[in-house]
Amino acid sequence: MRNNQDRLGGAHSPQSDVPQTEGGGLSFVVPTEHVELPSKGLYYSPDHPLHGKETVEIRFMTAKDEDTLTSKNLIKKGVVIDKLIADLVTDKQIRTESLLIGDRNAIIVAARISGYGADYDTKVNCPSCAKAQEYSFDLQNPSVNYALDEEALENLGITQTEDGLMHYVLPMSKFKISFKLPTGREEKMLVEKLTSKTIVQNETNATDILRMMIVGVNDVQNKQHVEQLIQNLPARDSIYFKKLVKMITPNVSFNSNFECRFCGFDTEMEVPFTADFFWVNR
């Protein structure tokens, strides 16, 4: 939903359609929109600016944002998308690294559509013949997995406390774990670890994901206890917990029918968010 009329101060006379400064220069007002949050603000702690908020206001992308996207320094540091989100969100109390991953994705998609349109042209590999080819996806109609309310969480055996943490008793070990859903901060830490030259890629992926979310055991937040649990957690508990998290994690996704132009293979494919999501030909 656009929120520009209030910012423009209501109706204008024909002479004021193009705002003027006292010196005769132009005063531009960048349009904004309200992006629907998959979390609906339900999974944030009370001290977070988005607690209980179903939308977040962002401004449309400008030429200055294109400078951000092409900044070699920001790209090298791996913070270009964080910088873009921080610049676009109008409420500067919101820290980009504190956003739930699904909410970040919703903002990124909305920004991409406002900047370059809903048609996303990218290269994909056919799941059957593995040949790469150009394909166009429509970003206009995403599939949204919304956050669950308190009653729905309780039906899954999950309780949520005022600090935003969730609590669940594992089916096999019967340990009560306290956990949080990953934010941009945890996502960045995981990516950095997986791309580190000091470890074999994906070597510790399974335990890292658990370590990223679990913060307490049996109502005690102790890192040593959490580490002991993770190292000795039955595989069945680990698998069930990750399935549970996927079920309750708010996010946006895009599925589109794909037909390979080489082998004719037909399937439904999830839209890949590759490097050219913003780096389009223009």
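Please refer to the structure higher up on the page.
Residues numbered from 1 in each chain as written. Predicted model: local features only at pLDDT ≥ 70, side-chain atom pairs only at ≥ 80, totals over all residues. Heavy atoms only, no water.

Draft legend 1. Expanded view of the sheet that holds strand β7 (residues 166-169). If you walk across this open sheet you meet the 4 strands as β6-β7-β8-β9, and the pairing is antiparallel. Two strands bound the open sheet, and with one partner strand each, they are β6 (159-160) and β9 (214-217). One ladder, built from 4 bridges, connects β7 with strand β8 (residues 176-179); its direction is antiparallel. Bridge pairing in β8 links histidine 167 to serine 178. Along the sheet face, helix α8 (residues 205-213) touches β8 and β9 and points at about 70° away from the line of β9. Against the sheet, helix α9 (residues 223-232) touches β8 and β9, its axis set at about 100° to β9. (Pairing = 2+ DSSP bridges. Helix = DSSP H or I, 4+ residues; strand = E, 2+ residues; numbered from the N terminus. Contact = heavy atoms within 4.5 Å. Axes fitted to C-alpha atoms, helices over the stretch in contact; angles between N-to-C directions.)

Draft legend 2. Inspection of a negative patch on the surface at higher detail. On the surface, a cluster of negative charge is made up of Asp119, Asp121, Glu134 and Asp138. Sorting the residues of the negative patch by element identifies β3 (119-125) and β4 (132-138) as the ones contributing at least two each. Within the element layout of this structure, aspartate 121 appears in strand β3. Of the residues examined, aspartate 121 reaches a relative accessible area of 47% and is grouped as partly exposed. (Patch = residues over 30% accessible without salt bridge, like charges linked within 9 Å, V, L, I, M, F, W, Y side chains within 5 Å. Areas by Shrake-Rupley, 256 points an atom, 1.4 Å probe, with all protein chains shown as cover. Salt bridge = Lys/Arg side-chain N within 4 Å of Asp/Glu carboxyl O. Lys, Arg positive; Asp, Glu negative; His and termini not counted. Charge placed at Lys NZ, Arg CZ, Asp CG, Glu CD. Buried < 20%, exposed > 50% of the residue type's maximum accessible area, 1.4 Å probe, protein only.)

Draft legend 3. Geometry of the packing of α8 against helix α10 (residues 235-248). Between α8 and α10, whose axes approach to 11 Å, the crossing angle comes to 60°. Here α8 is positioned oblique relative to α10, judged by the angle of their axes. Once α8 is placed against α10, the crossing between them reads as left-handed. Across the interface between the two elements, Ala206, Ile209, Leu210 and Met213 of α8 pack against Ser238, Phe241, Lys242 and Val245 of α10. Residues that form the contact of α8 with α10 fall into these classes: 6 nonpolar, 1 polar and 1 charged. (Parallel < 35°, antiparallel > 145°, perpendicular 65-115°, else oblique. Left-handed = near helix turned anticlockwise from the far one by under 90°. Nonpolar A, V, L, I, M, F, W, Y, C, P; charged D, E, K, R; others polar.)

Draft legend 4. Here's a closer look at the nonpolar core. Phe179 and Phe241 are the most contacted members of the largest nonpolar core, which has 60 residues in total. If one sorts the elements of this core by residue count, helix α5 (residues 101-116) sits on top with 6 residues. The contacts of phenylalanine 179, once residues within four sequence positions are left out, are Ile158, Leu165, Met166, His167, Tyr168, Met213, Ile214, Val215, Phe241, Val245 and Ile248. (Core = buried A, V, L, I, M, F, W, Y, C linked by side-chain atoms within 4.5 Å.)

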